[in-house]
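Observations on the model geometry
Chain residues, written in single-letter form:
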Amino acid sequence: MERVIFHIDVNSAFLSWTAVKMLSEGHQDIRLIPSVVSGDPSDRRSIITAASIPAKKLGIKTAQPVSMALRKYPNLLIVSGDWEWYGKCSRGFIEICRKYSPVLQQFSIDECFLDMTFRLYGKEPVEVAAALKDEIHSSLGFTVNVGVGSNKLLAKMASDFEKPDKVHTLWSSEVERKMWPLGVRDLLWVGKKTEQRLMDYGIRTIGQLAKTDINYLERIFGERSALQLHLSSNGIDSSEVETEVPEAKSYSAERTFSKDLTDPKDVDRALFKVACIVAHRIRKDSFKASCVSIFVKRTDFTTSQKQSTLTQPTDITALILNEARRLLPEIWDGETPLRQVGLGVSRLTHDTAEQMSLFEDPRLEYYRSWDKEYDRKKLDKEDPRTLAYESLSKHSADH
DNA sequence: TCTGGGGTCCTAGGACCC
DNA sequence: TCTGGGGTCCTAGGACCC
């Protein structure tokens, strides 16, 4: 029996959600004018996080630099994001979707899949999808697209058809007519690089890809990727709607500076900030990490990364920072200007047993109390107090 | 025009062990 | 003394997603 899967996708999520909030405060509806959500517009390096449909019609796209968008349209309305509010909107929209089927997989902050196979009770899938779409609009004030299909891949492809506020179907029987004429780039998991390689071999549309001999694809992409391309271009996807929320596998934070850094003191301070952010987040989720990695991006956009495994998992900022400091010289000569500095942790465990040792470093107690205070005071993540930085630096430098 | 931030998964090579 | 093959862990890098 054929399955019925819905994919629900909020239209220009961050922009719509900001619009709803501004409307309630008496502002005009920014969805109807050229507008964008972005980081600090005075920073030359800020990029566009979300754009309204009128803005998109002017050629303004997500991930473009704000400066570029302003050159295209100087009257562009720029608003900043509000992540707490976005979290509320996301939870509200997921809650409504869950009423239609408990077999729900949240795919990102603004997308989810529903397995509707046993939830239609004789009703037409398209009518149920329209009811869901309209309920979200009337109760929360923003629009969504609903893709309806025979599997997750097709549902997701369908939700990407004409926007906003639309229901589209993409059943297996419609693949040839609705999906095959599209360019390969429209296929899920085909990004820029794969598109270029396919182009090199004269494969431009999803239909051409579907009809390409899989053995030929294997020679270009390897066994695994070839199979993936072959199946998805033919509209085949047997994956389930996963209701379990997977545990995080890694945490990371990175900062791009408005001016490239060259002073080792500035770089160290940046490392400190990202270490505080990452360590705070793993403590909040009661994880400890065994692997620390750092990465840098240079002015020419080349990047380097270095990671190493700790002898014991930890959630202590100072120990993570120390490892990061040890690794840094291996990827940075102390002079090359750096555009970005990042820090990540992985190999996470929930192991709570403290590894007590007779020889436990007495400084650990100080580090833990420092972290406790950081967590308690919710210190401004972007601007940890100088004093805190100095005191932690002084201690951990002795290591 | 000049490119953010946060994730996941895959591959490939080297080290090490049996 | 010189030898095979398989498994696992670790690290670096790349591609993709939102």
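Described below are features of the structure shown in this document.

1. Observations concerning the sheet that holds strand 2 (residues 35-38)
- The sheet built from three strands is open, its strands ordered 3-2-4 with mixed pairing. The open sheet has two edge strands with one neighbour each: strand 3 (48-51) and strand 4 (77-80). Adjacent strand axes in the sheet meet at a mean angle of 30 degrees when their direction is disregarded.
- Running over the sheet, helix 1 (residues 13-24) touches strand 2, strand 3 and strand 4 and is turned about 70 degrees from strand 3.

2. Focus on unusual backbone geometry
- Of the consecutive residues Lys 163 and Pro 164, the connecting peptide bond is found in the cis state with omega at -5 degrees.
- Positioned with a positive phi, Asp 165 is a non-glycine residue whose angle comes to about 60 degrees.
- Mapped onto the secondary structure, Asp 165 falls in the loop between helix 6 (152-159) and strand 8 (167-170).
- Backbone geometry places Phe 301, a non-glycine residue, at a positive phi of 75 degrees.
- Tracing the backbone through its elements, the reader meets Phe 301 in the loop between strand 10 (288-298) and strand 11 (303-314).
- Looking at Phe 301, the number of C-beta atoms within 10 Å reads 8, which means it is exposed.

3. A word on the nonpolar core
- Core analysis: the largest hydrophobic core is formed by 58 residues, its most contacted members being Ile 5, Phe 6, Val 36, Leu 114, Val 146 and Val 148.
- Beyond its immediate stretch of four places on either side in the chain, Phe 6 contacts Phe 113, Leu 114, Met 116, Ala 129, Val 146, Gly 147, Val 148 and Ala 155.
- Counting residues in each nonpolar core, the second largest holds 29 residues, with Leu 338, Val 341, Val 345 and Leu 348 among its members.

4. A closer look at the protein's contact with DNA strand C
- Residues in contact with DNA strand C amount to 17 residues; listed here are only the nearest, Ser 108, Gly 191, Lys 193, Thr 194 and Gln 307.
- Listing elements by their share of the surface near DNA strand C, those giving two or more residues are helix 8 (192-200) and strand 11.
- With six residues, the top contributor of residues to the surface near DNA strand C is strand 11.
- Its residues placed into classes, the surface near DNA strand C shows four nonpolar, eight polar and five charged.

5. Notes on the protein's contact with DNA strand B
- Around DNA strand B, the structure places 22 residues, and the nearest of them are Arg 224, Lys 249, Ser 250, Ala 253 and Thr 256.
- Taken together, the elements giving at least two residues each to the surface near DNA strand B come down to helix 3 (66-72) and strand 9 (250-261).
- If one sorts the elements of the surface near DNA strand B by residue count, strand 9 sits on top with seven residues.
- Looking at side-chain class alone, the surface near DNA strand B contains eight nonpolar, seven polar and seven charged residues.

6. With respect to the packing of helix 4 (residues 83-100) against helix 5 (residues 125-140)
- The geometry of helix 4 relative to helix 5 is characterised by a closest axis approach of 10 Å and an angle of 145 degrees between their N-to-C directions. Our pair here, helix 4 against helix 5, has a crossing hand that is right-handed. Here helix 4 contributes Cys 89, Gly 92, Phe 93, Ile 96, Cys 97 and Tyr 100 to the contact with helix 5, which in turn contributes Val 128, Leu 132, Glu 135, Ile 136, Ser 139 and Leu 140.
- Looking at side-chain class alone, the contact of helix 4 with helix 5 contains nine nonpolar, two polar and one charged residues.

7. Some thoughts on the pairing of strand 1 (residues 5-10)
- For strand 1, the buried fraction is high: six of the six residues fall into the buried class.
- Burial of the side chains of strand 1 extends over both faces: Ile 5, His 7 and Asp 9 are buried on one face and Phe 6, Ile 8 and Val 10 on the other.
- With six bridges connecting them, strand 1 and strand 7 (residues 144-149) associate as antiparallel partners. The residue of strand 7 that forms the bridge with His 7 is Gly 147.
- Relative to strand 6 (residues 111-115), strand 1 runs antiparallel, the two sharing five bridges. Residue pairing for strand 6: Asp 9 is matched across the bridge by Glu 111.

8. Things to note about the sheet that holds strand 10
- One open sheet accounts for four strands, arranged 9-12-10-11; its pairing is antiparallel. Looking at which strands have only one partner, the edges of the open sheet turn out to be strand 9 and strand 11. Recorded for the sheet is a direction-independent mean angle of 15 degrees between the axes of neighbouring strands.
- With eight bridges connecting them, strand 10 and strand 11 associate as antiparallel partners. Bridge assignment links Ile 294 to a residue of strand 11, and that residue is Lys 306.
- Strands strand 10, strand 11 and strand 12 (338-349) of the sheet are contacted by helix 13 (residues 317-331), whose axis makes an angle of about 145 degrees with strand 11.

9. Considering the environment of Ala 248
- Looking at where Ala 248 falls in the secondary structure, it is placed in the loop between helix 11 (223-233) and strand 9.
- Sequence separation between Ala 248 and Ile 282 is 34 residues; the distance between their C-alpha atoms is 9.8 Å.
- In contact with Ala 248, other than residues within four places in its own chain, are Asp 285 and Leu 348.

Calculation notes
Residue positions are counted from 1 within each chain, in the order its sequence is given. Numbering of ligands from 1 and lettering of chains from A proceed in the order in which they are written. pLDDT decides what is reported in this predicted model: residues at 70 or higher carry local features, side-chain atom pairs at 80 or more are listed and counted, and totals for whole chains, interfaces and linings draw on all residues regardless. By this definition, two strands are paired if DSSP reports at least two bridges between them. Numbering of helices and strands runs from the N terminus, with a helix taken as a DSSP run of H or I at least four residues long and a strand as a DSSP run of E at least two residues long. Every axis corresponds to a line fitted to the C-alpha atoms, with the helix fit spanning only the stretch in contact, and the corresponding angles, defined between N-to-C directions, vary from 0 to 180 degrees. Each residue is represented by a C-beta atom placed from its backbone, and any two residues with such atoms within 7 Å are regarded as in contact. We call a residue exposed when 12 or fewer other C-beta atoms sit within 10 Å of its C-beta, buried when the count reaches 20 or more, and partly exposed for counts in between; the C-beta positions come from the backbone. A set of buried residues qualifies as a nonpolar core if it consists of Ala, Val, Leu, Ile, Met, Phe, Trp, Tyr and Cys joined through C-beta atoms within 7 Å. Here, nearness is defined through the C-beta atom: a residue counts as near a molecule or strand if that backbone-placed atom lies within 6 Å of it. Residue type decides the class: Asp, Glu, Lys and Arg count as charged, Ala, Val, Leu, Ile, Met, Phe, Trp, Tyr, Cys and Pro as nonpolar, and the leftover types, Gly among them, as polar. When the near helix sits turned anticlockwise from the far one by under a right angle, the crossing is termed left-handed; a clockwise turn instead gives a right-handed crossing.

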